[in-house]
Amino acid sequence: MLVSMVDCVFADVAQPDQARIVCLNGSYFLKNGGHFVISIKANCIDSTVPAAAVFESERGKLATEGFKPQEQLTLEPYERDHAVVTGTFRGSKKKA
């Protein structure tokens with residue numbers, strides 16, 4: 001491994017699959033109990049639904065992969081339809 005396990009992962013990638021990108025990088029490099037910060041740009045994911053629905057969907061994707069979103073802040077009035085979500089990583093549970 002080129003990089004050891006890290007305490008925090010930050011993502012600001014503006015891609016439709018940015019939650020998947022955070023989940024993959026987190027599962028490879030983030031310590032159990034580590035933190036993540038993701039900047040979500042709703043219009044980059046789906047411009048046909050309200051931003052709040054996109055934020056909720058992305059939080060759900062993170063939660064299903066062992067991430068525990070703890071706080072969400074919108075960037076209004078500086079950036080419209082943008083939010084930052086922070087939380088912790090629980091790691092995947094091994095199936096027996």
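Our structure's up above, just so we're on the same page.
Here the structure is a predicted model, which is why all the values come from computation and not from measurement.

A. Representation of the overall build of the protein in the model. When you go through the protein residue by residue, the secondary structure sums to 3 helices and 4 strands. Listing the helices and strands of the protein from first to last along the sequence gives β-α-β-α-α-β-β. Against the globule reference of 12 Å for 96 residues, the protein gives a C-alpha radius of gyration of 14 Å, in line with a compact fold. Once the C-alpha set of the protein is aligned to its principal axes, its extents read approximately 40 × 25 × 20 Å. Out of the 96 residues belonging to the protein, those deemed buried represent 32%. A separation threshold of at least 6 residues defines the contact pool for the protein, and within that pool the share at least 24 residues apart is 60%. When the accessible surface of the protein is totalled, it reaches about 6,200 Å², and 55% of it is carbon and sulfur. When the 11 positive and 11 negative side-chain charges of the protein are each reduced to one mean point, those points stand 11 Å apart.

B. Representation of the pattern of salt bridges in the model. Per the stated rule, a full pass over the model turns up 5 salt bridges. In this structure, Lys41 and Asp12 form a salt bridge, with 2.1 Å as the shortest nitrogen-oxygen distance. With Lys41 in strand β2 (residues 30-41) and Asp12 in the loop between β1 (6-11) and α1 (18-29), this pair connects stretches of sequence that are 29 residues apart. Lys41 gets classed as buried once you look at its relative accessible area, which sits at 11%.

C. Main features of the packing of α1 against helix α3 (residues 51-64). It is at 9 Å that the axes of α1 and α3 come closest, and there the two elements cross at 25 degrees. If you check the angle between α1 and α3, you find them roughly parallel. Every pair of crossing elements has a handedness; the one defined by α1 and α3 is right-handed. Residues Gln18, Ala19, Val22 and Cys23 of α1 form the contact with α3, whose participating residues are Glu58, Lys61 and Leu62. For the contact of α1 with α3, the class distribution of residues is 4 nonpolar, 1 polar and 2 charged.

D. Molecular detail of α1. With 12 residues, α1 ought to run about 16 Å at 1.5 Å a step, and its terminal C-alpha atoms sit 16 Å apart, in line with that. Along α1, the residues that are buried comprise Gln18, Ala19, Val22, Cys23 and Gly26. The buried residues of α1 occupy one face: seen down the axis, they fall within an arc of 140 degrees. The inward-facing, buried residues of α1 abut β1, β2, α2 (42-45), α3, β3 (67-74) and β4 (82-89).

E. Representation of the packing of aromatic side chains in the model. Scanning the model with the defined rule gives 3 aromatic pairs in all. Note on Tyr28 and Phe29: the rings are 6.3 Å apart at their centroids and 65 degrees apart in plane angle, and the pair reads as edge-to-face. Look at Phe36 and Phe67: their rings are 5.3 Å apart centre to centre, the planes differ by 85 degrees, and that puts the pair in the edge-to-face class. Of the two residues, Phe36 is situated in strand β2 and Phe67 in strand β3; the sequence distance between them amounts to 31 residues. Residues Phe36 and Phe67 agree in their burial class; the two are buried. Here a set of aromatic residues connected by ring pairs shows up, and it is made of Phe36, Phe67 and Phe89.

Cut-offs applied
Residues numbered from 1 in each chain as written. Predicted model: local features only at pLDDT ≥ 70, side-chain atom pairs only at ≥ 80, totals over all residues. Heavy atoms only, no water. Helix = DSSP H or I, 4+ residues; strand = E, 2+ residues; numbered from the N terminus. Rg over C-alpha atoms; globule rule 2.2 N^0.38 Å. Buried < 20%, exposed > 50% of the residue type's maximum accessible area, 1.4 Å probe, protein only. Contact = heavy atoms within 4.5 Å. Areas by Shrake-Rupley, 256 points an atom, 1.4 Å probe, with all protein chains shown as cover. Lys, Arg positive; Asp, Glu negative; His and termini not counted. Charge placed at Lys NZ, Arg CZ, Asp CG, Glu CD. Salt bridge = Lys/Arg side-chain N within 4 Å of Asp/Glu carboxyl O. Axes fitted to C-alpha atoms, helices over the stretch in contact; angles between N-to-C directions. Parallel < 35°, antiparallel > 145°, perpendicular 65-115°, else oblique. Left-handed = near helix turned anticlockwise from the far one by under 90°. Nonpolar A, V, L, I, M, F, W, Y, C, P; charged D, E, K, R; others polar. Expected span 1.5 Å × (residues − 1). Arc of directions from axis to C-beta. Phe/Tyr/Trp six-rings, centres within 6.5 Å; stacked < 30°, edge-to-face > 60°.

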